[in-house]
Amino acid sequence: MNDETMTLDLKKVKIGIHKAIIECSRRGLLHGTKWLAELNFSLENVEIDPSIISQASVYDDVDYDRYAMAKCYFDLKEYDRCAFHTEKSQSKYCKFLHFYSRFLSIEKKKIDNLTDLNYNTDPGLNSQLQSLCSELRDIFLARDMDGFCMYLYGVVLKRLDLHRAALTILESAVHEEPLHWGSWLELASLITDRAKLKMLSLPDHWIKKFFIAHTYLEQQLNEEALDIYRDLGEQGFSSSNYLLAQSAIAHHNKREVNTAILTFRELRKKDPYRLDNLDTLSNLLYVKEMSVDLAFLAHHASETDKYRVETCCVIGNYYSLRGEHQKAVMYFERALKLNPQYLSAWTLMGHEFMEMKNTHAAIQSYRQAIDVNRRDYRAWYGLGQTYEILKLPYYCLYYYKQAQHLRPNDSRMLIALGETYEKLDKIQESLKCYYRARCFGDLEGMALLKLAKLFDKVNETEQAAAAYTEYVKENYDSQTDNKQEISLAFKYLANYHLKRNELDEAYEFAFKCLSYEESKEEGKALLKTVTQKRGQEDGEMQVEMQDGSTSMEVQSSRNARNFSHLRPLTLTFTPSPDGS
Amino acid sequence: MAGENFVFEEETKNIDINIDEYRKLVRTYIDLHLYNSALFWADKVVSLSGGEPSDIYWLAHCMFLMKQYHRASLLIKNKGLDKTNKLCQYLAARCLLEAKELSEALAIVSGGDPNNTSFSAPIMSSPVDESFNMEGTSILSCNLQSALLYLKGQIYEALDNRGLACDCYKQALHEDVHCYNAFEALVKHQMLSASEEKELLESLPRGEDDKLVSYIYESLLNKYQDVPLALPASLHQSLEDNLDMTVAKAERLFYACSYRECFRITEEVLKKDPYHTSCLPIHISCLVELKMTNKLFYLAHDLVDLQPESAVSWFAVGCYYYLIGKSDPARRYLGKATSLDRLFGPAWLAYGHSFASENEHDQAMAAYFKASQLMKGCHLPLLYIGLECGLTNNIDLAEKFFSQAQNIAPDDPFVIHERGVVAFQNRRYNEAEKLFESALAKVRVIYESKKVIAEKWEPLLNNLGHTYRKLHKYEEALDFHKQALMLSPLNPSTLSCIGFVQALLGWNVEAVETFHKALGQRRDNSFSTTMLNYVMEQLMEETPPFAGADSSSQEQLVGDLLNTVGGTSKSFKLKTLDGQSSSGAGAGGSGGAWMGEETPEASRSVPATFVSPSPGQSRSIDEVEMQDSFQDENTS
């Protein structure tokens, strides 16, 4: 879809945005208006004739007096009151306000009544939501619904977990009102994979690009998303903060931590009091362990607005970095009380609970996160970890697989999968996973070692030795902390070569054993055996030459020697035709 | 008799007294509701006229209005007028009824012979003064005759002889079509079944001007049986706004389970007339259905303050307590309501519900039995009895009651649905399918104009799903469960069902997802948990170890060691916890034996509707059963 390069007539675009801003703000769709206005601001330099946007006066609308009053109530968050006064009005604005305020009232009450985050909501409120839904359905079936109401209907359906219906409704909503960004966002949250995105029929509109880029980003198709954003920037939106923020997120997803941080810095220079997406930045700082920056960010955010979800997340991350998990949880909880649909707080809270070894709470948090957004691989992975602790390997497998499915090129999921298979004694699957992990770079350097141990376990000694050799080669110089593992590798290799009578190698590895505390003794013993054998060998060589077996051994040892210089990944193993 | 001047010859003076003046005075005082004055002067008039029957009638009438029933009847009887004057006979009987002297009243109505049970004969044969059309009363003979018959019906009803009472009412209605009392007595107390009601309506004499009558009656009738959402074609525009008509419409909506719309209408009606008697029970039932406790609380207080003698007031109080889950006080007040009006069916049913909600099946049945005796023409008590039987695992008995209920209301989808459930429980799945389908067809007709059927029918759809599953038509089953989910989203048991069918179809990926959702809604459901464990295992056995595992051949992997980006993401800071197993299992965690000892949890929402209460018998088929069947189906 990137190929359709269409050049935008920025004037037309701007006029359209202007009109849409008016429509959205009249309906109290604050976030939609904000998005449009920001975009509009990035087109500051585009001149348009002010007369074209002939302010279609609200006074033309039927029932203006009622609308004006109801809108005030709405703005003051007196939703029930607004709903009451707009109930029978014929005005389209009033109609929308009526349903919207009813919906918001239910949501507000849900949040207000929230005593425990993990409690399911009051069934009474849910039934109210259902009746709201059926009313909207009646209107929809009577074909008496405009794009904004469709958006609302879609949102309600989504809230009721009727995703397929919501998808179709939102699809028609974006056809009706392409410039209402809220509909696009809701639509994006319903698209679970790329195939679904392709099946959508979307209006041919410039905003579609924003949508597609957004969805790509959500689906971790970061490169593609970045391309679109670059293109949009060239088309004239280059000064848009939104584009900048989105590309920062793309870098974050790609683990280009430094670039991402730099992009965020740029963004913050342009718009220092912008809190949106700051939680992502705080994640980045956390990963880089830049505690000073994080502290500064936390203070700044809490000075700007204490009670924003983003602020709470930033502070939570800050405490987490300092190891004060209890406090971190408190802040994540606060974020969730402000907005229970706030995805990253759920996931982060799950992590904190894991740190505190509260698996039960962790599971709840992760599940909520997945409920909010099924594509959050971190939550899936977290679930896998918790179930690993709970010793439920099948669940564990399932969750890891979900995570792996969302991030197919991430070695950590593969390692986790491999470990789980190992626990289930499915060696072949496990080997495959480690193998694959190795191919994808093996972030934690565990794959080879695991492979080696596993080969050892199933008595494929040659493979094991090869893997160990590779492991040692990679890790010997880098003075890593896992001395124990390395010494173990040396020990194994020494023994292995000893067994095969390759005394030179055995000697070499045994010698290396000496430099580690854990294997010193054994190294000495090995060295002794090697020297002994050497002595024997010299004496017995001729005698045993007649014996076929020795010659065989020599030959095979030669093979092995060749082998040991091969990269470990030439190993072959035949996977059993699917386990059970 | 007009204008007689009595000349009193006394010692001193003869005064010309115009009795007519005093007679008029009596009427005036009656009109002004100054009964004492009326009584005083009526007494004087009687003396002056020397016991003219009409004057005695008026005197008795005043006494009646003063609630001096015994006195009035004695007066008439002493003069022997109950035998000669029809109007007096009626009044005397009426007084005795009010005084609860039932046998005496019956004797008077039957012309002295209490055993004479034929209707018209005694009155016709009795030597009644034909000039009953007394001065000042413009009562037609047919009206009076009808009133007498109605009275007789009332007496029989009070004597618990409801069959005879019913006949009397019918006769009364035949005599006088406009006698709404008789009509109401027949309809309100559910004496007639739907077909009988129709018959009655057709048999009524129709004159030219009676179009209106039959239209009105027709609107008030048949609310339950066919539940046509639209009223019969309107006859007159201005009648549309008549409150009775509106209430009838509301009642229809109520039976169609559109509680919200119904509530909107009843609220409107009560705004205009806060104590509209026929509207109140519906309104209260709506409040119960919509769980508006606060409004019900206020309404009940209001009613009890204003009309402590009315059964509806106490019904409201009882309902309030029922709604907030306090069964004891609920029963107490519902009992009070029934003692105030023994024929108040809704209160009896609610009384039954209050037991049923606490699983006190026997007592609930007793209450329903009582209701069924009182409401002969209503199938609901029978339906509820059947339900209770079903819940106590007495399926055969339940079936009997359901078929009785169906005799009364052959087209009621609820009854058909319940019969379907029985068939299902008896493993006659084909029959169950037919029954459910026909119920669904009936339901669809009801909601034809709205396209969407009401939420209340979610169990029917689910049960259809169960049935199709049993018949191994999994695709259909899935379809119905999904429809059910549309009606009642996020319903955990529907989700479990969907997951189950998906598992049977071998769609393990979807099944796992659905079971997850189900457990998200109801965490402690052991069926979903065990199923999830099972399906999860299956799924993990059959899927490749990781996405794309098959596509990548070994050779391709060789040497392809990507140097990937460094840096650990925040999400992976937790790798070190392995091994420290914590106690307790996760949401879906607690494994259990596959054949766990499930305790059956009858998912039955207690029907909480009272005005000839409605449906709600959502007996969805038990999940334990699902489990059994899963075993069957899996092994086969």
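Numbering of residues starts from 1 in each chain and follows the order in which that chain's sequence is written. Following the order in which they are written, the chains are lettered starting with A and the ligands numbered starting with 1. Given that this is a predicted model, residues contribute local features only at a pLDDT of at least 70 and side-chain atom pairs are listed and counted only at 80 or more, while totals for whole chains, interfaces and linings are drawn from all residues.

### Topic: the overall build of chain A
When you go through chain A residue by residue, the secondary structure sums to 30 helices and 0 strands. In chain A, which comprises 580 residues, the share counted as buried stands at 47%. Comment: elements are numbered from the N terminus, with helices defined as DSSP H or I runs of at least four residues and strands as E runs of at least two. Buried, partly exposed and exposed are defined by the number of other C-beta atoms within 10 Å of a residue's own C-beta, namely 20 or more, between the two limits, and 12 or fewer respectively, with C-beta atoms placed from the backbone.

### Here's the deal with the overall build of chain B
For chain B, the helix and strand inventory stands at 32 helices and 2 strands. When the 636 residues of chain B are sorted by exposure, 46% land in the buried category.

### Concerning the environment of L114(A)
All names here are of chain A. Structurally, L114 can be placed in the loop between α5 (92-112) and α6 (123-141). For the pair L114 and K337, spaced 223 residues apart in the sequence, the C-alpha separation amounts to 7.5 Å. Look past the residues within four positions of L114 in its chain and what remains in contact with it is K337 and P340. Residues are scored as being in contact if the C-beta atoms we place from backbone atoms lie within 7 Å.

### A closer look at the nonpolar core
Throughout this description, the term nonpolar core refers to a group of buried Ala, Val, Leu, Ile, Met, Phe, Trp, Tyr and Cys residues whose C-beta atoms join them within 7 Å. Judged by nonpolar contacts, the single largest core of 343 residues is most densely connected at L152(A), V156(A), F332(A), F315(B) and A316(B). A per-element tally of this core places helix α18 (residues 311-323) of chain B first, with 11 residues. Taken domain by domain, the makeup of this core includes at least three residues from each of domain 1 (250-436 + 453-461 + 582-636) and domain 2 (473-578) of chain B. Setting aside residues up to four positions removed in sequence, L152(A) forms contacts with F99(A), Y100(A), F103(A) and L136(A). Each domain's limits were defined by an automated method or a database of domain assignments.

### Focus on the UniProt feature "repeat: TPR" (unreviewed entry) in chain B
According to UniProt, the positions carrying the feature "repeat: TPR" (unreviewed entry) are residues 458-491 of chain B. In residues 458-491 of chain B, the share of helix is 79% and the share of strand is 0%. The end C-alpha atoms are 10 Å apart. UniProt positions are given in the numbering used here, feature names are shortened, and annotations may be inferred rather than shown by experiment.

### Side note on the environment of K491(A)
Residues and elements named next belong to chain A. Relative to the helices and strands, K491 resides in helix α27 (residues 483-499). Sequence separation between K491 and A510 is 19 residues, and the spatial gap between their C-alpha atoms is 6.5 Å. Contact partners of K491, with chain neighbours within four places excluded, come to C513, S519 and E522.

### Structural notes on the UniProt feature "repeat: TPR" (unreviewed entry) in chain A
Residues and elements named next belong to chain A. Mapped onto the present numbering, the UniProt feature "repeat: TPR" (unreviewed entry) falls on residues 309-342 and 343-376. For residues 309-342, helix accounts for 79% and strand for 0%, while the C-alpha atoms at its two ends are 8 Å apart. The annotated region residues 343-376 carries 79% helix and 0% strand content, and the separation between its end C-alpha atoms amounts to 8 Å.

### As for helix α29 (residues 508-521) of chain B
For an α-helix the count is 3.6 residues per turn, leaving residues at separations of three or four pointing the same way. Multiplying 1.5 Å by the helix residue count minus one yields the expected span of that helix. Spanning 14 residues, α29(B) covers 20 Å between terminal C-alpha atoms, matching the ideal 20 Å at 1.5 Å per step. Those residues of α29(B) that fall on the buried side of the exposure criterion are N508(B), A511(B), V512(B), T514(B), F515(B), H516(B), A518(B), L519(B) and G520(B). Of the surrounding secondary structure, the elements contacted by the buried residues of α29(B) are α20 (359-372) and α22 (393-406) of chain A together with α28 (492-504) and α30 (526-542) of chain B.

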